[in-house]
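Chain and residue survey
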Amino acid sequence: MFITFEGPDGSGKTTQIRRLSAWLTLRGLNVLATREPGGTRIGDAVRAILLDHVNTELVDRAEVLLFSAARAQLVEQVIRPHLAKGGIVLSDRFADSTFAYQGYGRGLALDDLRRITIFATADIWPDLTIYLDLPVEEGLLRKQSGAMVEWNRMEEEAVAYHQRVRDGYLKLAEREPGRWLVLDGRQSVAYIEQQIRRRVASALGLAVAGVADSGVN
Ligand code: TYD
């Protein structure tokens, strides 16, 4: 099973991935957590280019191709081999980030992005996408007030851009309700965790008793 996590910066994806990974691992499943852009040596080098403040001249088309190049590398080296072994892959962002940020955010044509994505991934798609939704201002505030402030190139964008990204995510989710689980990122970490467990447990046929207990493990 291939599960991706999407949402604005500061929505809590990392925390939830860590918790879900631990929970599934305790149940004897072979879980691999990764992130985009990055997750491979080459992907991490591409990530450094994408997030570096000095790269102000990076053009939109090149940006898409760099994200897609990192994705191609991650699919081939990490995701596909792990799925082939029967493992579960959790990814912090995947192709839906490209549709939301480069498509809805920057205005590139979704059809082009789909074609590029299918080429990059050899047509692998998540079985489940968990979207942690947050109002734009709240996401930006959370990121700024974090203990380790990491204000990268992608986040220096205008609030209007982030609003388009959020609206884009919601449209993507609406279009494919069977694949997306949309959760309110303002709920407590424990509550969100519980919702995620419920959905994943039912998809994997895990005992519902495992999700009925109250939260910690
Ligand atoms: P990162 O520091 O990993 O942010 P986060 O913790 O929110 O995931 O930075 C990744 C940034 O790259 C983030 O702002 C979203 C953006 N992004 C795209 O614009 N397109 C993409 O295809 C991907 C994967 C990420």
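Scroll up to find the structure.
Residues numbered from 1 in each chain as written. Predicted model: local features only at pLDDT ≥ 70, side-chain atom pairs only at ≥ 80, totals over all residues. Heavy atoms only, no water.

Some words on the site of the ligand
Here is the rule: Neighbouring residues are identified by heavy atoms, a residue being near a molecule or strand if any of them is within 4 Å of it. Think of a polar contact as two N or O atoms within 3.5 Å of one another; within protein, one of them needs to be a possible hydrogen donor and the other a possible acceptor, and neighboring residues in sequence only count if both atoms come from side chains. Using the Shrake-Rupley algorithm and a 1.4 Å probe, accessible areas are obtained, with residue cover drawn only from the displayed protein chains.
Contacts to the ligand come from 17 residues, most closely from Asp9, Arg71, Arg93, Thr98 and Gln102. Between an oxygen atom of the ligand and a side-chain N or O atom of Asp9, the distance comes to 2.4 Å. A distance of 2.8 Å separates a nitrogen atom of the ligand from a polar side-chain atom of Gln102. Calculation on the ligand without its partners gives an accessible area of 550 Å², and the protein chains cover 95% of this total.

Details of the packing of aromatic side chains
Here is the rule: Whether two aromatic rings pair depends on their centres lying within 6.5 Å, for rings of Phe, Tyr and Trp, where Trp uses its six-membered ring; planes under 30 degrees apart make the pair stacked, over 60 edge-to-face, and the rest tilted. For helices the rule is a DSSP run of H or I covering at least 4 residues; for strands it is a run of E covering at least 2, with both sets numbered from the N terminus onward. To sort residues, take the accessible area from a 1.4 Å probe on protein chains only and compare it with the maximum for the residue type: under 20% means buried, over 50% means exposed, and anything in between is partly exposed.
Under the definition given, this model contains 7 aromatic pairs. Between Phe2 and Phe94, the aromatic rings sit 4.9 Å apart at their centres with planes inclined by 85 degrees, giving edge-to-face as the arrangement. Taken as a pair, Phe2 in strand E1 (residues 2-6) and Phe94 in the loop between strand E3 (88-92) and helix H4 (95-105) lie far apart in primary sequence, 92 residues in all. Like Phe94, Phe2 is buried. Measuring from centroid to centroid gives 6.1 Å for Tyr101 and Tyr169, while their planes differ by 85 degrees, and the two rings are edge-to-face. With Tyr101 in helix H4 and Tyr169 in helix H7 (residues 159-175), this residue pair connects regions lying 68 residues apart in the sequence. Of the residues examined, Tyr101 reaches a relative accessible area of 7% and is grouped as buried. You can call Tyr169 buried: its relative accessible area is 1%. Put simply, the rings of Tyr101, Tyr131, Tyr161, Tyr169 and Trp180 pair up and form one aromatic cluster.

Quick look at the side chain of Lys13
Put simply, the test is: Charge assignment: positive for Lys and Arg, negative for Asp and Glu; neither His nor the chain ends contribute. The term salt bridge refers to a pairing of a side-chain nitrogen on Lys or Arg with a carboxyl oxygen on Asp or Glu at a separation within 4 Å. For this analysis, residues touch if any pair of their heavy atoms sits within 4.5 Å.
Note on placement: Lys13 falls in helix H1 (residues 13-26). No salt bridge is formed by the buried Lys13. Its closest oppositely charged neighbour is Asp92, at 4.1 Å. Separated by 3.4 Å, the side chain of Lys13 and the backbone oxygen of Pro8 make a polar contact. Ignoring any residue separated from it by four or fewer positions in sequence, one finds Lys13 in contact with Phe5, Glu6, Gly7, Pro8, Asp92, Arg93 and Leu132.

Focus on the sheet that holds strand E2 (residues 31-35)
Strand pairing within a sheet occurs via backbone hydrogen bonds; the two strands may be parallel or antiparallel. Stated precisely, the cut-off is as follows: Here, a strand pair is defined by DSSP locating no fewer than two bridges between the strands. Axis angles are defined between N-to-C directions and span 0 to 180 degrees, where every axis is a line fitted to C-alpha atoms and, for a helix, only to the segment in contact.
A sheet is described by the order of its strands in space; here 5 strands give the open sequence E2-E3-E1-E4-E5, paired in parallel fashion. The open sheet is flanked by E2 and strand E5 (180-184), the only strands paired with a single partner. Taking the axes of each pair of neighbouring strands and ignoring which way they run, one obtains an average angle of 20 degrees across the sheet. With 5 bridges joining them, E2 and E3 adopt parallel strand pairing. What sits directly across from Thr34, in E3, is Ser91. Here helix H8 (residues 189-204) sits on the sheet in contact with E1, E3, strand E4 (128-133) and E5, set at roughly 165 degrees to E5.

Without other data, these values stay purely geometric and don't point to any function.
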